[in-house]
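An overview of the molecular structure
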Amino acid sequence: MIPDLGKYADTVLSAYAASIVLLIALVVFSVMRGRKVRAEMEKVEQRMTRNG
């Protein structure tokens, strides 16, 4: 199933690992930022409805 990478196995596998870690970090930060922005928008909308 796993191809024989020979002497480059460490390099290739570490590149895959780094890419996966970076992708996971981007997703986590995007979700966190989205939640923060959504909360700020809800606060603004509440102020707008109160002030009419």
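Look above for the structure.
Computed from a predicted model, the values in this text were never measured in an experiment.

In this section: the overall build of the protein chain. Along its length, the protein chain carries one helix and zero strands. Expected size for 52 residues packed as a compact globule is a radius of gyration near 10 Å; at 22 Å, the protein chain overshoots this value by more than 25%. Counting all 52 residues of the protein chain, 2% fall into the buried class. Accessible surface for the protein chain amounts to roughly 5200 Å². Of this, 66% is attributable to carbon and sulfur atoms. Each charge sign in the protein chain was given a centre, from 8 positive and 5 negative side chains, and these centres are 12 Å apart.

Considering the arrangement of structural elements, one finds Met 41 in helix H1 (residues 9-51). The exposure class of Met 41 is partly exposed, given its relative accessible area of 49%. Met 41 sits 28 residues away from Leu 13 along the chain, and the two C-alpha atoms are 42 Å apart.

A cluster of nonpolar side chains, namely Ile 20, Ile 24, Val 28, Phe 29 and Met 32, defines an oily patch on the protein surface of about 510 Å² accessible area. Inspection of the secondary structure puts Ile 20 in helix H1.

Right, let's talk about the environment of Ser 14 for a bit. Along the chain, Ser 14 falls in helix H1. Judged by relative accessible area, which is 43%, Ser 14 ranks as partly exposed. At 2.9 Å, the side chain of Ser 14 forms a polar contact with the backbone oxygen of Asp 10.

Conventions adopted
- Residues numbered from 1 in each chain as written.
- Predicted model: local features only at pLDDT ≥ 70, side-chain atom pairs only at ≥ 80, totals over all residues.
- Heavy atoms only, no water.
- Helix = DSSP H or I, 4+ residues; strand = E, 2+ residues; numbered from the N terminus.
- Rg over C-alpha atoms; globule rule 2.2 N^0.38 Å.
- Buried < 20%, exposed > 50% of the residue type's maximum accessible area, 1.4 Å probe, protein only.
- Areas by Shrake-Rupley, 256 points an atom, 1.4 Å probe, with all protein chains shown as cover.
- Lys, Arg positive; Asp, Glu negative; His and termini not counted.
- Charge placed at Lys NZ, Arg CZ, Asp CG, Glu CD.
- Patch = residues over 30% accessible without salt bridge, like charges linked within 9 Å, V, L, I, M, F, W, Y side chains within 5 Å.
- Salt bridge = Lys/Arg side-chain N within 4 Å of Asp/Glu carboxyl O.
- Polar contact = N/O pair within 3.5 Å; in protein donor to acceptor, adjacent residues only side chain to side chain.

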